[in-house]
Structure formats: structure tokens, C-alpha cells
Amino acid sequence: MKKKISLALFIAFITALLPLSLLACRKDTKPTTTYKIWLDIQEDGIEAAQTVEFFNDTPYTFEELKFNVYSNAFDSRKPLACESQEQNEAYPEGPSFGKFELKQLHGDVKDYDFDFDKNLITVFLDRPVAPGQSATVKTVYSFTLPHTKLRYGFNERGATLSGFYPQLCAIVDGDWYYDDFSTIGDPYFADVADYEVTFNLPDGFEYVSSGIGKTSQEDGETIVCAKAKNIRDFAIVLSDELPKKSEKHNGVELNYLGENPDTLEYAKKALNLYSSIFGKYAYDSLSVADMPFVAGGMEYGSICVINESLSGETYEEVVAHEIAHQWWYSAVGSNNLISAWQDEGLTNYSTYLYFIDNNNLVYADDMIASAYSQYRRFCDIQNSVGEPAVGKLGGRLNDFPGNYYYTNLTYNKSLMMWKYAQDALGRETLITALARYAEKYRFKIASEDDLWNSLDETSQDASALIKNWIKAV
Ligand SMILES: [Zn+2]
């Protein structure tokens, strides 16, 4: 890296930029919550400044805002951010921690409280924000990354920055929805917002991120400004080893950081299929990065990470799975703190359809057969230890007994359920219902009932056929 920007200069720089960029943002779109984040990436840590303009598009009035600081869950004063069985895989070099430090918070603010244990910043506003009104909160903070193969950290291949910033909790029924960080599942839940993130690209590094990035040279440094609309979270992947490829496909900018010659083809096939059956892709870009990762892959707003150690059809399955999440997770949100099966089940079913569409019926059938066999084995094991499986889909992440339990219900049983729904309703009816669901709840958060209603609006009492699957059977 060539030079350091001092924090004082950095803040002067962003303060000067602010009025112009806010004006630019407001011109052509309907009001929405916006994040503007500036990052100064250095080897020993990252300095950040952030302006969030919360736009209240709900019928409720808010006197406070709540921000979840997911990166604070990686602090050394807390347990490692994974299940104990995952520890060797997630931290191959041994336990490692990050540090988030809040340095300033101001704006339309009377007071604030940072609850370190809950990773939660509560901002008490200087006036209530009624429907249609806005409130601005500016923060300055710094963070260091843990050395890990989890979703936030660095490893031998590069770094993944996700959940690094104070992020507004999702609003559910007029309240900020919060639950404790969970090492099981994905405890990340937010409403959509527009993002503009500016960062320096360290020398020798390539990157992919949410949204479309524009690079410029300033004083010998490469500066990236990436913009994304209607995403639920913003992520960046940096690598000083992996090559980057970009191309345009049906108006979508595709970016790939990695060395698999087939990835972009898989991505295009997935985009083509899901767009044709569930409705148009919601974003103007899609990025994929191959990185060391503890699970198969991970989805973020218009970007996903794939575990680089996978190959063949397993790798293809993960690419198709993570891209399906752009429909089920990103465009259509659901509460994955209590209802993770909702997006994972639809995502797995979409992936099954991907292999059917590719005429790889053997793999598609295998997905269903292995969901059944794994689920049966799970039930047998639970019975053999005298703790029969409770087959209820959903429930708080923190209430699941472990990853094995969570995976069998959230991924396997929910795939079995959607395959059953397809057999019972017919593929065309089911896809019509899911397209209706995708259209109605695009950029919103859909409850379980919203999903059932979309089914019933397409085919009377369709939900009654499959609701038993989510109960404790
Ligand atoms: Zn998934």
C-alpha cells in the first residue's frame, strides 16, 4: 500500500463530499433508506465513516433507531463466532478475533447507547420520525478482521467484508427486530436500502462487491465507489491472488473473482432460469468470488462467495444455490432469525429446478434422494439417543440444538416439502404461485403467512396441502 490517509483528512474529505452526494442520491428515485460508507483499508485495520439516512416508509412513528453491529460478535471478549465442531475448519490457524470500535456518533440524535453484549447501538432521536420523514445518523468507527474462513475476516486468499458496519435492524410490525447473535444459521436480517460505498483498493488486490463499482486514481491510489440499490447488506471480497473477470449478460454486469472456467456460465444459466420463472433479476450486477469458506457458500446483496475447495457438480450446485438467494433472501426478504426455512427451502428447490433445466436429471433426483436419506438418518440418530427429532420447520436460530439439527430441517426437510408441493400442485401452478410471491414481496419482508397466501391465491387451499410439513411431524 502506498500511503495512509490520516483520519482527520479522511473525515474532512467525506464531510466535503457529503452535501453533493446526498443531493445526487435524491434526484431520480423514490425515497428510501441510504447508506454512504467510506473505508480506508490499511494492513493494520480499517477506518470507516458512515452516513445513514433512515427514510420511514412504514405507517409507524419511531423515536429511536437500532443498529446491529454484527462485526462486534467477533470480538475477543466474546466466544468464537462458530459452533465448537466447526472451530478447526473455521479457524485453521487457531482462534482469532476482530475488533469493532465506535469513535463518533452524531446527527439527528439526542443520545445513544452501544450495548456491547448485544452488538446493538440504540440511537435516541432528537425528534420522532413520522411516516414519510427521515433521520440521519453519522458514525465514525474502525475495525480489524479476524483470521478465519467465516463470512467476515481474512485468510490466505484475501478478505471478506460483510456485516462490518452498523446496520439498521429490520422493522417488523412497527418494531426494530433484534435477536442475539447465533453461531447456527445466518443471524443477519435487514430491510433493503441503497448503498454507496467508497474504499481504497490496496495495491496488488482485485475486488468484487455488491453493486457496480467505478474506479478512479487519486494521488496514486485506486479508489472504488460502488453503488447498489435495494440490497439487504453490502459486502466486499478482496484478493491479491485471484484474477477477476467481468462481462455483461442481458444488461447485468457479471463479475467473477476466481479461477474456475465454468463459473460465469453457471451464473448465466441460473440468472436465465430464475428470471424466466420467478421474475426479472432485481439488480444491475451480480458478483461471485471463490474463497476459502467454512460452508458451501454465502449470499449477500448481489454478490455471493463460493467455497473454493468444491468442484464439479457440487460446486455448480452451490453457485446455483447462492444465486437463487438473490430472489429468496435479497429481493424477497424473510425473517431468517425465526424462519430460515423460508428462503433456504425455496433456494434449494430453485437449485433443483436449475439441474432439471440443465437436463441433469440424475443430479436433480440425487438432491431429492439425499435430502430424504439424510433426514431419515437424522431422525434415526435422534431416536437412538432417546431424543426424537422435533420436525417443526422454523424457530429461533439460538433454540436449535446444533448445526446438524438446523441443517436437516432448514435445508433437507424444506426441500422435501417443496418437491412434495410440486408433485401435489403441479410444477406450473407452484411456479406461478412463487412468481406471484416474488412480485408481491419484492424488496419487502414476507411472513410465512404471506407465502401461504401467495400459494392460495394461485390455487385454492394449496397451502393446506403442505402446511403439515412445517409442523412438528
Ligand atoms: Zn442458502
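Everything quoted here is computed from the prediction, not taken from an experiment. (Residues numbered from 1 in each chain as written. Predicted model: local features only at pLDDT ≥ 70, side-chain atom pairs only at ≥ 80, totals over all residues.)

Section: the nonpolar core
Formed by 125 residues in total, the largest nonpolar core has its most connected members in Leu65, Val237, Ala267, Ala270 and Val319. It is helix H5 (residues 340–357) that provides the largest number of residues to this core, a total of 8 residues. Each of two domains, domain 1 (7–238) and domain 2 (340–470), supplies a minimum of three residues to this core. Those residues in contact with Ala267 that lie beyond four places of it in its chain are Leu254, Leu286, Val288, Val319 and Ile323. (Core = buried A, V, L, I, M, F, W, Y, C linked by C-beta atoms within 7 Å. Buried ≥ 20, exposed ≤ 12 C-beta atoms within 10 Å, placed from the backbone. Helix = DSSP H or I, 4+ residues; strand = E, 2+ residues; numbered from the N terminus. Domains from an automatic or database assignment. Contact = placed C-beta atoms within 7 Å.)

Considering the sheet that holds strand S6 (residues 120–129)
As summarised here, the arrangement of the 4 strands in space is S5-S6-S3-S10, forming an open sheet in which the pairing is antiparallel. Looking at the sheet topology across the chains shown, the edges are occupied by strand S5 (109–115) and strand S10 (167–168). Where S5 meets S6, 6 bridges bridge the pair, whose relative direction is antiparallel. In the sheet register, Asp115 faces S6, and the bridge partner there is Leu120. (Pairing = 2+ DSSP bridges.)

Description of the sheet that holds strand S2 (residues 45–55)
Taken together, the 7 strands give an open sheet; going across it, the order is S4-S7-S2-S1-S13-S16-S15, and neighbouring strands pair in mixed fashion. Since the sheet does not close on itself, it has two edges, and those belong to strand S4 (99–107) and strand S15 (212–218), each with one partner. Strand after strand, the sheet turns through a mean of 15° between neighbouring axes, direction not considered. For S15 and strand S16 (residues 221–231), the ladder comprises 7 bridges, and the chain directions are antiparallel. (Axes fitted to C-alpha atoms, helices over the stretch in contact; angles between N-to-C directions.)

A short note on the domain arrangement of the protein
How big an interface is tends to be stated in terms of accessible area lost as the parts join. Under the domain assignment, the protein is made up of domain 1 (7–238) and domain 2 (340–470). Computed from C-alpha coordinates alone, the two centres of domain 1 and domain 2 are separated by 31 Å. Counting residues at the interface gives 12 residues for domain 1, matched by 11 residues for domain 2.

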